[in-house]
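Given next are the chains, with one letter for each unit.
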Amino acid sequence: MISQLNRDVVEAIKTEFGRDTEVFVEWLDLSRFHSKEYEGQLVEFLARKYDGQSLAGVVAVTEMSLRFAAAHRERLFPGTPVVHVAVRESEATRWNKVPGIYGEAVDYDPVPTIKFALEVHPGLKRVVVITGTAPFDRLWEGYIRMRAGQLEGRVQFDFWAGLSMAEIRQRLAGLGEDSVVLSPSLLSDGAGEWMIGGEALEKIAEVSPRPVYSVFAQRAVEVGAFGGIGPDYSQMGPRAARLLALAAAGQPVLLSGGMAPSRAWFNWPQLKRWGIQESQLPPQSVIVNRVPTFLEAYWGRALTAVVIILVQSAFITALLIQWRRRQRAEEQLAVKRDELAHLTRVSLLGEISGTLSHELSQPLAAIKLGVEAAQMHVGLQGEGGETGRLLQNIARANDRACGLLDRVRSMIRREPPSRRSFDFNESVREVLALMRGEFSTRKVMLIPNLSEAPLAIQGDPVQIQQVLVNLMLNGVEAMAASPAGQRRLEVETTSLGNGTASLVVRDQGPGFTPEVREKLFEPFFTTKRTGLGIGMSICKQIAEDHGGSIQALNAERGGATIRLVLPLTP
């Protein structure tokens, strides 16, 4: 600390007086050699050394140097102004009254440091003050004892004075969590070992289980101490050089009576060790030994790297977008090409459907006549029962086939579908009866739950039955991979109470994926290898033509649900 302060003073003097100014530095070493004999020999040496020299001024660093300069001023440099640096308030006030001696007081008061420790260390009850045997050490011990009265009742002071370093380190190991260490000065220990340049404080800090504070905080944090509040030595050199320049020029030196600036100094690793946040520190605190973050250490390179990455990312993103657009365009082109081919086949199917309808109507008419003749014969023979029921089912299936052919011819001729009022439940029952064989073959358990009350709707019964057949067949086929015992198809009709009726077909298959649900009702979309992809789109068209709607859902307990909603006849 003193070495750096000396260098700061020399640099400030050369800045103030000129770079060619000759500055002499004398190390008095009064802390270690303090006998009267040594002091006398030192005075004789300096008197001979500077005999005949014209000195512009003298700068005394620390109290011992000031006392020596003031005591031997007339012998060594009579009439030469003396400026002191790093001197406590009481000493500065005393010597500033002597003509030709000037300087700012420095605040070494330990009270602010201990008050800070009380704030950040909950449960603090004890301050261990460690000092040595040198005169400077004893001076500080006395000063701390005097200032300790300011904190009486808040914390206990325990003075370890005159102990050897080995004994000090041994005692430190037993400190409890209610303690901190304060070491203002330890130049010589009880064993006569001399330590300079913060050596003693470094040895204390490396073994102390509790934070180590010092009033010389600026230097203390550099050797591992926690920190403290003390003088800012970086400002002392320029201030002393300015006062010396005024005094050497014979100008009035006006002292404000204030103190040299003080600051709080802390050691970053120690803050982390004891969990102290920066927000808990006094304003404008100085933190040393801070480990910079990656951005703090390499912000320029990091910024360059980020810019390069962003530019490259933007370029790659643009290429990916362009590639994706091109791929999407190629996919859409392939889909359109497939749809065009499919439409061609469907168009060809439409052209021959008229011929097929005409050709099939004749055998269907013959089947109808045959069934009617069989029914008459059964009636004449008095045989009914199962045979009559089977003939009736054949007649109904034949009528439905004829109806479908009529619808095909109507579509080809662009005739509007026939509309009439009919019972929705009855249409569902007819479809269930016609598909009983399909359910049996596929080992599907049918669970009908039809509304007890009739549900009268207005529309084309054949088209509605076409929708019902399509929905039920899809449900049956969706369960083809399920175990036979789990193939259940629920068919439910109900009145929704808002002038509409609903049909729900619920299977126990795998359900719909999000992609299938989104495209289910689009023309030519199919999940079947042999499907045309027009069944569900036709169902949607028929539902909308009847003023209703159709919706695909996934059942909560698994499987798919198709809900058909149609308006009831007013």
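Whatever comes next refers back to the structure up there.
The structure contained in this document is the topic of the report that follows. Residue numbering note: each chain is counted from 1, following its sequence as written. Where totals are concerned, whole chains, interfaces and linings use all residues; where local detail is concerned, this predicted model gives features only for residues with pLDDT of at least 70, and gives and counts side-chain atom pairs only at 80 or more. Each side-chain value is derived from all of the structure's non-hydrogen atoms; neither hydrogens nor water enter the calculation.

1. Brief notes about the overall build of the protein
- In this text, helices come from DSSP runs of H or I with a minimum length of four residues, and strands from runs of E with a minimum of two, each type numbered from the N-terminal end. If you tally the helices and strands in the protein, you get 19 helices and 19 strands.
- Here the protein has a C-alpha radius of gyration of 53 Å; the compact-globule value for 570 residues is 25 Å, and the former is much larger.
- Seen through its principal axes, the protein has C-alpha atoms that stretch 160 × 50 × 45 Å.
- Buried residues are those whose accessible area, probed at 1.4 Å on protein chains only, stays under 20% of the maximum for their type, while exposed residues exceed 50% and partly exposed ones sit between those limits. Across the 570 residues in the protein, those meeting the buried criterion constitute 40%.
- Long-range contacts, defined as pairs at least 24 residues apart, comprise 67% of the intrachain contacts of the protein with a sequence gap of at least 6.
- Just so you have it, the protein exposes about 31,900 Å², and 54% of that area is on carbon and sulfur atoms. Throughout, radius of gyration means the C-alpha value; the globule benchmark is 2.2 Å times the number of residues raised to the power 0.38. Note on definitions: a residue-residue contact is assigned when non-hydrogen atoms from the two residues lie within 4.5 Å. Only the protein chains shown count as cover for residues, with accessible areas throughout obtained via the Shrake-Rupley method and a probe of 1.4 Å.

2. Focus on the sheet that holds strand S14 (residues 445-449)
- Here, strands pair whenever DSSP counts at least two bridges between them. One open sheet accounts for five strands, arranged S14-S16-S17-S19-S18; its pairing is mixed. Where the open sheet ends on each side, the last strands, each with one partner, are S14 and strand S18 (549-554). Sheet twist, expressed as the mean angle between neighbouring strand axes with direction ignored, is 15°.
- Note: S14 against strand S16 (residues 488-495), five bridges, orientation parallel. The residue bridging Pro 448 from the neighbouring strand is Val 491, located in S16.
- Packed onto the sheet, helix H19 (residues 535-545) meets S18 and strand S19 (560-567) and runs at close to 135° relative to S18. Note on method: axes are straight lines fitted to C-alpha atoms, helices fitted across the in-contact stretch only, with angles between N-to-C directions ranging 0 to 180 degrees.

3. Observations concerning the packing of helix H1 (residues 2-17) against helix H11 (residues 236-248)
- Taken N-terminus to C-terminus, the directions of H1 and H11 make an angle of 45°; their axes are 8 Å apart at the nearest point. Taken together, the axes of H1 and H11 are oblique relative to one another. Judged by the sense of rotation from one axis to the other, the crossing of H1 with H11 is right-handed. Contacts between H1 and H11 involve Leu 5, Asp 8, Val 9, Ala 12, Ile 13, Glu 16 and Phe 17 from the first element and Met 236, Gly 237, Pro 238, Ala 241, Arg 242, Leu 244, Ala 245 and Ala 248 from the second.
- Three residue categories are used. Nonpolar comprises Ala, Val, Leu, Ile, Met, Phe, Trp, Tyr, Cys and Pro, charged comprises Asp, Glu, Lys and Arg, and polar comprises the others, including Gly. Looking at the contact of H1 with H11 residue by residue, the class counts come to eleven nonpolar, one polar and three charged. Comment on the angle field: the value is read as roughly parallel under 35 degrees, roughly antiparallel over 145, roughly perpendicular from 65 to 115, and oblique elsewhere. With the far helix as reference, a near helix turned anticlockwise by less than a right angle produces a left-handed crossing, and one turned clockwise produces a right-handed crossing.

4. A word on the nonpolar core
- Only buried residues count toward a nonpolar core. Its members are Ala, Val, Leu, Ile, Met, Phe, Trp, Tyr and Cys residues joined through side-chain atoms within 4.5 Å. With 76 residues, the main nonpolar core has Trp 140 and Phe 157 as its most contacted residues.
- A total of seven residues in this core trace back to one element, the largest contributor, which is H11.
- If you look at the next biggest cluster of nonpolar residues, it comprises 38 residues, including Val 431, Ile 457, Val 505 and Ala 552.

5. Re the side chain of Ser 183
- Structurally, Ser 183 can be placed in strand S8 (residues 179-185).
- Judged by relative accessible area, which is 4%, Ser 183 ranks as buried.
- Of the polar contacts made by the side chain of Ser 183, one reaches the backbone oxygen of Ile 130; its length is 3.2 Å. Here a polar contact means two N or O atoms within 3.5 Å. Within protein one must be a hydrogen donor candidate and the other an acceptor candidate, and residues neighboring in sequence count only if both atoms are side-chain atoms.

6. Overview of the side chain of Arg 487
- By secondary structure assignment, the location of Arg 487 is in the loop between helix H17 (461-478) and S16.
- Lacking a salt bridge, the buried Arg 487 has Glu 438 as its closest oppositely charged neighbour, with an N-O distance of 10 Å.
- One polar contact links the side chain of Arg 487 to the main-chain carbonyl oxygen of Arg 442, over a distance of 2.9 Å. Within this scheme the basic residues Lys and Arg register as positive and the acidic residues Asp and Glu register as negative, but His and the chain ends are omitted. Only one rule defines a salt bridge in this text: a Lys or Arg side-chain nitrogen within 4 Å of an Asp or Glu carboxyl oxygen.

7. A closer look at unusual backbone geometry
- One non-glycine residue, Thr 62, lies in positive phi territory at about 80°.
- Following the sequence through the fold, Thr 62 ends up in the loop between strand S1 (58-61) and helix H3 (63-71).
- Positive phi, close to 60°, is recorded for Asn 289, a residue that is not glycine.
- Tracing the backbone shows Asn 289 in the loop between strand S12 (286-288) and helix H13 (294-381).
- Residue Asn 289 is classed as partly exposed on the basis of its relative accessible area, which comes to 43%.

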